[in-house]
Amino acid sequence: MYKQPGKIALITGGNRGIGLRIVKKLVECEIEVILGVRNPIDSRKAVEAYLEHAKIPVSSCKLHYEQLDIGNMKSVREFATKIKAKFDKIHLLINNAGVMSVPFKLTDEGYESHMAINYYGHFLLTHLLLPQLRAAGTAECKARVVNVSSCVHKIGEMDYNDINKVKNYYPADAYNQSKLAQVLFAKYINLMFEEEGMPILSYSLHPGVVNTDLFEHSSTTYIPWVRALLFKNPEEGSRTVVYAAIAPKLESRGGCYLSNCREASSHRHWNNSVQCEKLFSFTCDTLRIDDFFYKQN
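Residues numbered from 1 in each chain as written. Predicted model: local features only at pLDDT ≥ 70, side-chain atom pairs only at ≥ 80, totals over all residues. Heavy atoms only, no water.

Some details on the sheet that holds strand β8 (residues 262–263)
Then, in step 1: The strand order across the open sheet formed by 8 strands is β3-β2-β1-β4-β5-β6-β7-β8, and the pairing between neighbours is mixed. Sheet topology places β3 (63–67) and β8 at the edges, where each strand pairs with a single neighbour.
Then, in step 2: The pairing of strand β2 (residues 32–37) with β3 spans 5 bridges and is parallel. Each bridged residue has a counterpart across the sheet, and for G36 the counterpart in β3 is E66. (Pairing = 2+ DSSP bridges. Helix = DSSP H or I, 4+ residues; strand = E, 2+ residues; numbered from the N terminus.)

Here is the structure:
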């Protein structure tokens, strides 16, 4: 934790759970924070109440709240348009919002909920804000993209034949697939940032098994004392995320996967550039993105 005035961070879902604690740590570093949230009014109330409880004067914080439904690609595009009109630079993009083990549902655009919210929305947002990230990064201090994934990505598999799990839906499999997608995406774009000489780094991480609302659809709801006893609390869960966002020692470790503020082992496909590129190309086709890195500009 060190002061970084002048930097701007954007986080999805920063109004509760570990996101709320991430925001607190960022403002303590004097970082300006943009929150992409479903309900900006309620989110402002929740964040300000939490900061005041933590004895952080809200008047000293630079916070912005914008409406975003990360699982809706139309909303993501509208959100990105607003951000680009207001901010020339984004130093830190923290792809944090997510769902876990929710009942089967296809979005209005035809995407399975886990993939839409955990992966597709953040993929599209990263693409749309790439000019702001590139403008913010320097050779000495690159901009960063941080994907909040999970250790269960290690048992995930990309099912390209049934990406929406229509034929056989099991919530945990859908969640694991979306978390694996986040990890492979972070790895691949970091390789491309290096290849294209862009001043941007990308990371993925496991924040820990954290006692938050994310588990509301899991069996642990019936035994809450297990969560309280064995899971990390939200503050602990926020640490690796903030570490990935600001730690100077990671400046030369772009693309790595982190757990407990350390580099950790990942999925067998993490270091397979063919598999990473396969997912990347599949996603670009799915979201109709022709030039993710703006090479033609």
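Focus: the side chain of N147
Then, in step 1: Looking at the element boundaries, N147 is found in strand β5 (residues 143–148).
Then, in step 2: In this structure N147 comes out as buried when scored by relative accessible area, which is 1%.
Then, in step 3: Non-local contacts of N147, meaning those with residues more than four positions away in its chain, are made with N95, Q182, F185, A186, Y203, S204 and L205. (Buried < 20%, exposed > 50% of the residue type's maximum accessible area, 1.4 Å probe, protein only. Contact = heavy atoms within 4.5 Å.)

Notes on helix α3 (residues 73–86)
In an α-helix there are 3.6 residues to a turn, and that puts residues three or four apart on one side.
Then, in step 1: Taking 1.5 Å of rise per residue, 14 residues should cover 20 Å, and α3 covers 20 Å from first to last C-alpha, within 8% of that figure.
Then, in step 2: Those residues of α3 lying buried are M73, S75, V76, F79, A80 and I83. Down the axis of α3, the buried set is contained in an arc of 145°. They therefore lie on one face. Exposed and facing more than 90 degrees away from the buried side of α3 are K74, T81 and A85.
Then, in step 3: In the core, the buried residues of α3 are packed alongside β1 (8–12), β2, β3, α4 (113–128) and α9 (273–287). (Expected span 1.5 Å × (residues − 1). Arc of directions from axis to C-beta.)

Concerning the packing of α4 against α9
Then, in step 1: At a closest axis distance of 11 Å, the pairing of α4 and α9 adopts a crossing angle of 80°. Taken together, the axes of α4 and α9 lie roughly perpendicular to each other. Mapping the contact onto sequence places Y119, Y120, F123 and L124 in α4 and L279, F280, F282, T283, C284, T286 and L287 in α9.
Then, in step 2: Considering only residue class, the contact of α4 with α9 consists of 9 nonpolar, 2 polar and no charged. (Axes fitted to C-alpha atoms, helices over the stretch in contact; angles between N-to-C directions. Parallel < 35°, antiparallel > 145°, perpendicular 65-115°, else oblique. Nonpolar A, V, L, I, M, F, W, Y, C, P; charged D, E, K, R; others polar.)

As for the side chain of Q4
Then, in step 1: In this fold, Q4 is placed in the segment before β1.
Then, in step 2: Only 2.8 Å separates the side chain of Q4 from the side chain of K7, close enough to count as a polar contact.
Then, in step 3: Filtering out sequence-adjacent residues up to four positions away, Q4 remains in contact with C29, E30, I31 and I246. (Polar contact = N/O pair within 3.5 Å; in protein donor to acceptor, adjacent residues only side chain to side chain.)

A closer look at the pattern of salt bridges
Then, in step 1: Counted under the stated rule, the structure contains 11 salt bridges.
Then, in step 2: E66 is paired through a salt bridge with K86; the nearest N and O atoms lie 2.5 Å apart. Of this pair, E66 sits in strand β3 while K86 sits in helix α3; the two residues are 20 residues apart in sequence, bridging distant segments of the chain.
Then, in step 3: Overall, K86 belongs to the exposed group, its relative accessible area being 53%.
Then, in step 4: Here R239 makes a salt bridge to E235, at a shortest N to O gap of 2.7 Å. (Salt bridge = Lys/Arg side-chain N within 4 Å of Asp/Glu carboxyl O.)

What to know about the layout of surface pockets
Then, in step 1: Within this model, the second largest pocket holds a volume of roughly 290 Å³.
Then, in step 2: As for the second largest pocket, its lining consists of 14 residues, and the residues nearest its centre are R38, K105, T107, S113 and I117.
Then, in step 3: Residues belonging to the lining of the second largest pocket are distributed by class as follows: 5 nonpolar, 5 polar and 4 charged. (1 Å grid on protein atoms, 1.4 Å probe; cavity = no way out; pocket = protein on both sides within 12 Å on 5 of 7 lines; lining within 4 Å. Points joined across faces, edges and corners; volume = space filled by probe spheres on them.)

Comments concerning the nonpolar core
Then, in step 1: Ranked by size, the top nonpolar core spans 54 residues in total, and within it L10, F123, L125, F280, F292 and F293 carry the most contacts.
Then, in step 2: Those elements that place two or more of their residues in this core are β1, α3, α4, α5 (130–136), β5, α6 (171–196) and α9.
Then, in step 3: By residue number, the principal contributor to this core is α4, which donates 9 residues.
Then, in step 4: Not counting residues up to four positions away in its chain, the partners in contact with L10 are I34, F79, I83, I90, L92, L93, I94, L125 and L129. (Core = buried A, V, L, I, M, F, W, Y, C linked by side-chain atoms within 4.5 Å.)

Looking at the packing of aromatic side chains
Then, in step 1: Going through the model one piece at a time under the given rule, you end up with 15 aromatic pairs.
Then, in step 2: Judged by centre distance (4.7 Å) and plane angle (40°), the ring pair of Y188 and F280 falls under tilted. In this pair, Y188 is assigned in helix α6 and F280 in helix α9, connecting sequence segments 92 residues apart.
Then, in step 3: Since its relative accessible area comes to 9%, Y188 is described here as buried.
Then, in step 4: Its relative accessible area of 9% is what places F280 among the buried residues.
Then, in step 5: An aromatic cluster of three or more residues is present, and its members are Y111, Y119, Y120, F123, F185, Y188, F193, F280, F292 and F293.
Then, in step 6: Above the ring of W270, the side-chain terminus of K187 is found at 3.9 Å from the ring centroid. (Phe/Tyr/Trp six-rings, centres within 6.5 Å; stacked < 30°, edge-to-face > 60°. Lys NZ or Arg CZ within 6 Å of the ring centre and 35° of its normal.)

A short note on the environment of K3
Then, in step 1: Along the chain, the position of K3 falls in the segment before β1.
Then, in step 2: K3 gets classed as exposed once you look at its relative accessible area, which sits at 54%.
Then, in step 3: Separated by 125 residues in the primary sequence, K3 and L128 have C-alpha atoms spaced 28 Å apart.
Then, in step 4: Residues contacting K3, with those up to four places away along its chain left out, are E28, C29 and E30.
Then, in step 5: Polar contacts involving the side chain of K3 include one to the main-chain carbonyl oxygen of E28, which spans 2.8 Å.

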